[in-house]
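# Architecture and fold: a report
So the chains spell out like this:
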Amino acid sequence: MKLRSDSHNLQVLFEDNHLIVVNKRAGDIVQGDKTGDTPLSDVVKAYIKEKYQKPGEVFLGVVHRLDRPTTGIVVFARTSKALERLNALFQKRELSKTYWAAVKNRPTPPNGSLTHYLTRNTKSNTSKAHTKEVPESKKALLDYRTLHVLEHYTVLEIELHTGRHHQIRAQLAAIGCPIKGDLKYGADRSNPDGGIHLHARRIAFMHPVSKEPIALVAPLPSDPVWNALKAD
């Protein structure tokens, strides 16, 4: 995994006094963990401190997370008021989140909905999708549609209706369509950067303070699969 070394390569999609939204790279962790690697939250703090010449500690609230190998949109709160309201917005799912995934095999049908019951294995840090409810499982719902059929992969657009651990990864693997590079869920090989081809592409929500609508799109990473879409 490549670690971000400074804030100068940070791709900011939106910022104001209350929010900052960035495009996460594969390999970045959103919040500090046992690895001790520099989290994206610290990088964003350094960016704010430098840009606005803020003395002392910079406040930054982590609202949600993306898996380490996943890329795309991450929203942070710059004030406690925004953090409280964004937390409520995410918990109530009063927002729209769209992901793109490059998967092996074509799903049948090409567009549809998936309902599974997920169980989590904390030792392996994986989730398993079951077709029926089982003990300690959580219901997982998503819609998908086929965007592009490439030579070796199919690119899907996914709308999440629940926010379960590794939900997209586990549900797509369960229908025989593992995400490119996702060894944990059945991919043939890893990606060179250690990431997977799952990208948090779009988000839309009401600004927690101004109440203005916000709709953001995260540019795709540069690699042969995503570049094939850009050239399409």
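Residues numbered from 1 in each chain as written. Predicted model: local features only at pLDDT ≥ 70, side-chain atom pairs only at ≥ 80, totals over all residues. Heavy atoms only, no water.

### Some points on the overall build of the protein chain
Broken down by element type, the protein chain carries four helices and eleven strands. In terms of overall dimensions, the protein chain is globule-like: its C-alpha atoms have a radius of gyration of 18 Å, near the 17 Å expected for 232 residues. Overall size of the protein chain, expressed as C-alpha extent along the three principal axes, is 55 × 35 × 35 Å. Counting the 232 residues in the protein chain, one finds 47% classified as buried. The contacts in the protein chain between residues at least 6 apart in sequence include a share of 62% that link residues at least 24 apart. Carbon and sulfur atoms make up 48% of the accessible area of the protein chain, which totals about 12,100 Å². On the protein chain, the mean spot of the 35 positive side-chain charges and the mean spot of the 24 negative ones are 3 Å from each other. (Helix = DSSP H or I, 4+ residues; strand = E, 2+ residues; numbered from the N terminus. Rg over C-alpha atoms; globule rule 2.2 N^0.38 Å. Buried < 20%, exposed > 50% of the residue type's maximum accessible area, 1.4 Å probe, protein only. Contact = heavy atoms within 4.5 Å. Areas by Shrake-Rupley, 256 points an atom, 1.4 Å probe, with all protein chains shown as cover. Lys, Arg positive; Asp, Glu negative; His and termini not counted. Charge placed at Lys NZ, Arg CZ, Asp CG, Glu CD.)

### Concerning the pattern of salt bridges
The tally for this structure, following the rule as stated, stands at nine salt bridges. With a shortest N-O distance of 3.1 Å, Arg169 and Asp67 are connected by a salt bridge. Taken together, the residues span a long stretch of sequence, with Arg169 in helix α3 (residues 167–174) and Asp67 in the loop between β3 (61–62) and β4 (71–77) at a distance of 102 residues. The buried category is assigned to Arg169, whose relative accessible area is 4%. For Asp67, a relative accessible area of 24% corresponds to the partly exposed category. A salt bridge links Arg202 to Glu157, with the nearest nitrogen and oxygen atoms 2.9 Å apart. (Salt bridge = Lys/Arg side-chain N within 4 Å of Asp/Glu carboxyl O.)

### What to know about the nonpolar core
Across soluble globular proteins, nonpolar side chains have a tendency to be buried as a group. Within the largest apolar cluster, 48 residues are counted, with the highest numbers of intra-cluster contacts made by Val44, Phe76, Ile158, Ile168, Leu172 and Phe205. Sequence-distant contacts of Phe76, that is, excluding residues within four places in its chain, are made with His18, Leu19, Ile20, Val22, Val30, Leu40, Ser41, Val44, Leu60, Gly61, Val62 and Val63. (Core = buried A, V, L, I, M, F, W, Y, C linked by side-chain atoms within 4.5 Å.)

### Digging into the pairing of strand β9 (residues 154–160)
Among the seven residues of β9, six are classified as buried, and the element is accordingly described as predominantly covered. Across six bridges, strand β5 (residues 96–103) lies against β9 in antiparallel orientation. Its bridge partner lying in β9, Thr98 is registered against Glu159. The pairing of strand β8 (residues 138–149) with β9 spans seven bridges and is antiparallel. In the strand pairing of β9, Tyr144 is matched with Ile158. Hairpin connection of β8 to β9: four residues between the antiparallel strands. (Pairing = 2+ DSSP bridges.)

### Details of the side chain of Ser137
Along the chain, Ser137 falls in the loop between β7 (126–130) and β8. For Ser137, a relative accessible area of 15% corresponds to the buried category. Among all residues touching Ser137, those that are not within four sequence positions of it are Tyr117, Leu118 and Thr119.

### Quick notes on the pairing of strand β11 (residues 213–217)
Because side chains alternate across β11, one face comprises the buried residues Ile214 and Leu216, and the other comprises Pro213, Ala215 and Val217, none of which is buried. Direction of pairing for strand β10 (residues 198–206) relative to β11: antiparallel, over a ladder of five bridges. Counted as the bridge partner of Met206 is Pro213 from β11. Hairpin connection, β10 to β11: the antiparallel pair is bridged by six residues, and Lys211 has positive phi, about 65°.

### Looking at the packing of aromatic side chains
Applying the stated rule across the entire model yields zero aromatic pairs. Stacked on the ring of Tyr52, the Lys or Arg Arg78 has its end atom at 4.8 Å from the ring centre. (Phe/Tyr/Trp six-rings, centres within 6.5 Å; stacked < 30°, edge-to-face > 60°. Lys NZ or Arg CZ within 6 Å of the ring centre and 35° of its normal.)

### Thoughts on the confidence of the model for the protein chain
Should pLDDT be low for a region, the predicted coordinates there are not to be read in detail. On average, the protein chain scores 93 in pLDDT, and the residues at 70 or more come to 96%. Across residues 1–5, where pLDDT falls below 50, the model places 18 contacts with residues more than four positions away in sequence or in other chains. (pLDDT = per-residue confidence, 0-100.)

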